[in-house]
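# Observations on the model geometry
So you can see what is in the structure, the chains are spelled out below.
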Amino acid sequence: MGKYIVRRLLQMIPVILGTTFLIYTMVFAIPGNPVEGRCGERPCPPNYVAAFNAEYNLDKPLLVQYALYLGKLLQGDLGMNFYGNSVAHELAIRWPTTIKLAVMAIIIEIVIGISAGVLAGIRRGKFSDTLVTVSTLVLISIPVFVIGNLAQLIFGVRLGWFPVTATHGTFYELILPAFVLASLSVAYVARLMRANLVENLRADYVRTARAKGLSNARTVGVHTLRNSLIPVITYIGIDLGALMGGAIVTERIFNINGVGNFLYRSINQKDGVAVVGTITMLVLVFLFANLIVDILYGVLDPRISND
Amino acid sequence: MTELRRQRTDLSNEPVVPLQTDAASGPEEVLPDTTTPGARSLGSDAWRELRGRPMFWISLALILLFLVMAIFPELFTSKDPAYADLSKAREKPSADAWFGRDTQGYDVYARTIYGARASISVGILATILSMVLGVVIGIVSGYRGGWMDSVLGRIGEIFLAIPLLLGGILFLYTFPNGPETPFMIGVTKVAFVIGIFAWPTISRLMRSSVLQVKPNDYVQAARALGASPMRIIGSHIVPNSLASVIVVSTINLGVFIAVEATLSFLGVGLVPPVISWGTQISEASGIGLIRVAPHILLFPSFFLSLTVLSFIMLGDVVRDALDPRLR
Amino acid sequence: MTVGTGRTADVEVLDTRGAWIPVDGLVLEVEQLQVEFRTREGVAKAINGVSFVLHQGETLAILGESGSGKSVTAQAIMGILDSPPAFIAGGEVRYCGQDILKLSENERRRVRGPEISMVFQDALSALNPVFSVGWQIAEMFRKHRGMNKTDSLAQAVRLMQRVQIPGAAQRVKAYPHQFSGGMRQRIMIAMAIALDPAVLIADEPTTALDVTVQAQIMQLLKDLQQERKMGLILITHDLGVVADVADRIAVMYAGRIVEQADAFELYARPAHPYTKGLLESIPRLDQKGETLDAIGGLPPNLMHIPPGCPFNPRCHHAQDICRVDPPPPLREVARHRFAACHFSELLLTDSPELEVTQTTEEVEAHLERELQYPMTDAGLDHEEEVERGVEPQ
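## Brief notes about the overall build of chain A
Along chain A, the regular secondary structure elements total twelve helices and zero strands. Secondary structure elements of chain A occur, N-terminal to C-terminal, as α-α-α-α-α-α-α-α-α-α-α-α. Within chain A, buried positions represent 42% of all 307 residues. Within chain A, residue pairs in contact and separated by at least 24 positions form 74% of the contacts whose partners lie at least 6 positions apart.

This is the structure:
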């Protein structure tokens, strides 16, 4: 198991280098871009540009630039945004809200998604199965921002059950956004769970379990479920990326003061440094989350770790 | 001599061809015998299965409807989507404007119809790009193996590490679409960035298909007979591995259309004056506007969702038909 | 008298048999068992009136090709058929005199596992990959005997030692994929004999193994059987495996038993043309260079079994009576020998009166031309799936 973890960590290093380089190049290696918009409508004065270049090492060769950037990154320095605030600081104060939102969404995703999937799987072909299958299909087809807008309209404005915006980031305010954020993933998790369960119910070891005189509840609940859950858990890790994208949209709609909204506003203001910093950090978080999921996978599936 | 009773099934008297199944595979990989004429291959079995399913025909019909809408919007409306009557802004649906008007007085129905073209174009282009890249890289990785496989795998991981939406935001932030960007350039840029971040999923799928097909006897036999790699890949490996890629790509088409809409919603995708469902919904958002004029939001949303739904449904139905164990 | 109260040096066999006592030395009686598979395309008669008995300590081999119904018989006895699409349409299965088909599912579960247990062909897929082997063996004790974790695991170790898995104490927490094929099969056997059943059904236990390991496993089964006085039902298509181990052999074809006899006598002189064909098709060293004498044609599609004797299209001795009259019943054709053929007596005495009405080539030509029973690939898959009890089309 330890070997497996070390192996995965080592594999991650080139990927981290590759992604940060890709991100950096896309924004900073293009001439003229980084300073765009910083000086208002007019182009920036040359000495400002020179100072900016010096600050961000833009006059050096690309690889050196990148290396220096990486160095700063490792020290937690993501640069300064338009207003002269440290990007890292801006993100730090917004993280807790976004994490709250994300965790709530993941819990919803797991609880509802897995239950619906299991229900549909064991009652395959019956009404509950069709219900789940159809509703997940519909849910996947409606983009997050449409669901967000509609939810805001129906549950916030018309019915008044939830606050329309969530500027304070309290738990109650975040319930509706969390459901909106989870909506897409719930559908995928339910479908995946159902498909896995159905497939595992045909497996030979199920027949063996029955031949051992075990009850149906035990055969499904213990033997099959454990096997079926494994791909679902790993999916949730991959899904984190989609969740991040969804968070940007959801935070915008509900005016949540989180990382996603910060990114959205930085894009609108053409704040290159903030955009790069935020995206880099999000990607790193995504990578580490996937590492944890991989380790979890190794724990759950002995075939992977005990090779 | 006693008459032997003939027993016929409802199948025609075709010669018997054994159907190979890869017992250890996942739900997608099944190997049809494509070389014997008149044989009951997986393809014809799947077709037979698909024919009988109403879901197949419904999704196909919807897709065709939207495709026609994208190519010939004039068939659906005679109104000009660029004509705005500010005095009638935010008007509810009426006989004059079936879907009402938006904040600038544009006819929502006309814009929805014309918006199909941009949205669907992005979807199709992005799917083609991701498929081409994914299939080629997947085949090379799987067939060649070795260091090339490792390198390509790492590169794929790098692209996979950046979530689709974030990558799209990043790229389109650097190369933004502006009001002057021509239609095709704008569409291509968005499609490009989606395809660039989506190919690793396809290539992984293709690679694992190739790895499952490669050790099979008929491939070894072809190699022993001296067939060139291109031929082996073209005639044996690709037909057998393509099934899952086709299913996933069909579903992806729907997903990509939704992604374009999301990018436009965030302001980085397609930009006005280009009309797409995403830009329409973006302009219709905001709690203040929705409260008073929900129709501006609802109609394009409905069209968007229906299009995405039909592609995903089609992919679902085709996947079920290709999976022999569900029959 | 209770079964299985033997004690060996390694394993203390639990005597909890209680209510189940063999009647006249018979542990299992199957009488006129009928199993149907009802599918969209029709009803397949997988088992068509199968009857046999099993005595305490006896080994009965059920021999047949794929599609003959042997696995379905086993699963019907165990009560693990997928229903739908499978339905038990008739007959009785008596364990120690009581018809277990009439038991409620709860009661049935107390028989399945502790009293009658089963070993399957592919141990890798038959064992749950995510639980340790010790956990899976111990489950029998935890669920059926209410033992706690430590005790049940200790029992598991003892069982693993009994089936000769080296280093059992260390490997009890290992996972199925970490063992070799032969070891995995032993683990399955350990799991099956855990509660000291009176009947062990082994469904092709050695088919997936290579020859040397096959012999070891068969020897293990034989030892265990003698030690515990178990009845053993061995299901196989391999004549070679059967020869050493079986006391009696039942040959199945198209869902029926076509011959039943003591092993030695069956090999010496078959009483049914199908058995004869099977024996003759075994490759022999002294026949090197000659054409292999396989039985022409293929087994019938179970949804369209030919009228008359189901074997008639492929039989070298088929006559009008075989094609027209109802299928011959399984009848006593000699002492302790049963066969379902109109001409068994002639076969047994090797009488010159027995005509050869078609050769293998003629059978093949006939079938190709007439498509007597259309064997489509769907039919083939279907039968294998019917055999394995998996949901067919």
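Back to the write-up after that little detour.
## Let's talk about the overall build of chain C
Secondary structure assignment for chain C yields 15 helices and twelve strands. Here the analysis covers contacts within chain C between residues at least 6 apart in sequence; of these, 67% occur between residues at least 24 apart.

## Focus on the interface of chain B and chain A
Between chain B and chain A, the contact holds 37 residues from the first and 40 residues from the second. Contributions of two or more residues to the side of chain B that touches chain A are made by α4 (146-161), α5 (164-174), α8 (229-265), α10 (287-292) and α11 (294-322) of chain B. For the side of chain B that touches chain A, the element with the highest residue contribution is α11 of chain B, accounting for nine residues. Counted by class, the side of chain B that touches chain A contains 27 nonpolar, seven polar and three charged residues.

## Describing the sheet that holds strand β2 (residues 42-55) of chain C
All names here are of chain C. Reading across the sheet, the four strands line up as β2-β1-β4-β5 and stay open at both edges, with antiparallel pairing between neighbours. Whereas interior strands pair on both sides, the edge strands pair on one side only; in this sheet they are β2 and β5 (98-99). Relative to strand β4 (residues 86-95), strand β1 (residues 26-39) is paired through eight bridges, and the arrangement is antiparallel. Residue pairing for β4: valine 30 is matched across the bridge by valine 93.

## Looking at the confidence of the model for chain C
The predicted model of chain C averages 82 in pLDDT, with 89% of residues at 70 or higher. pLDDT under 50 marks residues 1-15 of chain C. Its contacts with residues more than four places away, or in other chains, come to 35 contacts.

## Remarks on helix α7 (residues 217-224) of chain B
Since the α-helix packs 3.6 residues into each turn, any two residues three or four apart lie on the same face. Of all eight residues that make up α7 of chain B, zero are buried, and the element is exposed over most of its length. Of the residues trailing α7 of chain B, glycine 226 of chain B is marked for its positive phi of about 90°.

## Some remarks on the sheet that holds strand β10 (residues 256-262) of chain C
All names here are of chain C. In space, the eight strands of this open sheet follow the order β6-β7-β8-β3-β9-β10-β12-β11, with mixed pairing throughout. The outermost strands of the open sheet, each flanked by one partner alone, are β6 (116-119) and β11 (331-334). With strand direction ignored, the average angle separating the axes of adjacent strands in the sheet is 25°. Looking at chain direction, β6 and strand β7 (residues 199-203) are connected through four bridges and run parallel. In the sheet register, isoleucine 116 faces β7, and the bridge partner there is valine 199.

## Thoughts on the nonpolar core
Core analysis: the largest hydrophobic core is formed by 157 residues, its most contacted members being Val189 of chain A together with Leu166, Ile169, Ile194, Ile202 and Ile257 of chain B. Excluding residues within four positions of it along the chain, valine 189 of chain A makes contact with Glu109, Gly113, Ile114, Gly117, Val232, Tyr235 and Ile236 of chain A. Within the second largest apolar cluster, 111 residues are counted, among which are Val35, Phe141, Leu153 and Met230 of chain C.

## Some thoughts on the pairing of β11 of chain C
All names here are of chain C. Alignment of β11 against strand β12 (residues 337-339), held across three bridges, turns out to be antiparallel. Residue pairing for β12: alanine 334 is matched across the bridge by arginine 337. The hairpin turn running from β11 into β12, its antiparallel successor, is two residues long, and histidine 336 in that turn takes a positive phi close to 60°.

## Considering the environment of glutamate 107 of chain C
Residue and element names in this part refer to chain C. Looking at where glutamate 107 falls in the secondary structure, it is placed in helix α2 (residues 105-111). Exposure remark for glutamate 107: the 12 C-beta atoms within 10 Å place this residue in the exposed category. Between the C-alpha atoms of glutamate 107 and asparagine 48, which are 59 residues apart in sequence, the distance is 26 Å.

## Description of the packing of helix α7 (residues 181-193) of chain C against helix α8 (residues 211-228) of chain C
Helix-helix packing is characterised by the crossing angle of the two axes and by the distance between the axes. Residues and elements named next belong to chain C. Interhelical geometry of α7 versus α8 gives an angle of 15° and a closest axis separation of 10 Å. The pairing of α7 with α8 is recorded here as roughly parallel in orientation. Every pair of crossing elements has a handedness; the one defined by α7 and α8 is right-handed. Between α7 and α8, the contacting residues are Gly181, Gly182, Gln185, Arg186, Ile189 and Ile193 on the first element and Val213, Gln216, Ile217, Leu220, Leu221 and Leu224 on the second. Residues of the contact of α7 with α8, tallied by class, amount to seven nonpolar, four polar and one charged.

## A short note on the pairing of strand β3 (residues 59-63) of chain C
All names here are of chain C. The buried fraction of β3 amounts to five of the five residues, a majority that puts the element mostly inside the structure. Side-chain alternation along β3 places Thr59, Ala61 and Leu63 on one buried face and Leu60 and Ile62 on a second face that is also buried. The pairing of β3 with strand β8 (residues 231-236) spans five bridges and is classified as parallel. Looking across to β8, one finds that leucine 60 is bridged to isoleucine 233.

## Some thoughts on the environment of proline 163 of chain A
Residue and element names in this part refer to chain A. The topology assignment puts proline 163 in the loop between α6 (144-158) and α7 (171-201). A residue is classified by how many C-beta atoms lie within 10 Å of it, and proline 163, with 19 of them, is partly exposed. Residues proline 163 and alanine 247 lie 84 residues apart in sequence; the distance between their C-alpha atoms is 18 Å. Residues contacting proline 163, with those up to four places away along its chain left out, are Gly156 and Glu173.

## Some remarks on the interface of chain C and chain A
Counting residues at the interface gives 26 residues for chain C, matched by 19 residues for chain A. Elements with a minimum of two residues in the side of chain C that touches chain A: α2, β6, α3 (123-126) and α4 (133-144) of chain C. Sorting elements by how many residues they give to the side of chain C that touches chain A places α4 of chain C first, with four residues. When grouped by side-chain class, the residues that make up the side of chain C that touches chain A number 13 nonpolar, seven polar and six charged.

## Examining unusual backbone geometry
All names here are of chain C. For glutamine 32, which is not glycine, the phi dihedral falls at a positive 50°. Along the chain, glutamine 32 turns up in strand β1. Using a count of 12 C-beta atoms within 10 Å as the deciding quantity, one classes glutamine 32 as exposed. Backbone geometry places histidine 336, a non-glycine residue, at a positive phi of 60°.

## Thoughts on the environment of methionine 80 of chain A
Residues and elements named next belong to chain A. Within the element layout of this structure, methionine 80 appears in the loop between α3 (62-74) and α4 (87-122). We classify methionine 80 as partly exposed; it has 19 C-beta atoms within 10 Å. Setting aside its immediate chain neighbours within four residues, methionine 80 contacts Asn85, Ser86, Val87 and Val273.

Parameters and conventions
Residues numbered from 1 in each chain as written. Chains lettered and ligands numbered in written order. Predicted model: local features only at pLDDT ≥ 70, side-chain atom pairs only at ≥ 80, totals over all residues. Helix = DSSP H or I, 4+ residues; strand = E, 2+ residues; numbered from the N terminus. Buried ≥ 20, exposed ≤ 12 C-beta atoms within 10 Å, placed from the backbone. Contact = placed C-beta atoms within 7 Å. Nonpolar A, V, L, I, M, F, W, Y, C, P; charged D, E, K, R; others polar. Pairing = 2+ DSSP bridges. pLDDT = per-residue confidence, 0-100. Axes fitted to C-alpha atoms, helices over the stretch in contact; angles between N-to-C directions. Core = buried A, V, L, I, M, F, W, Y, C linked by C-beta atoms within 7 Å. Parallel < 35°, antiparallel > 145°, perpendicular 65-115°, else oblique. Left-handed = near helix turned anticlockwise from the far one by under 90°.

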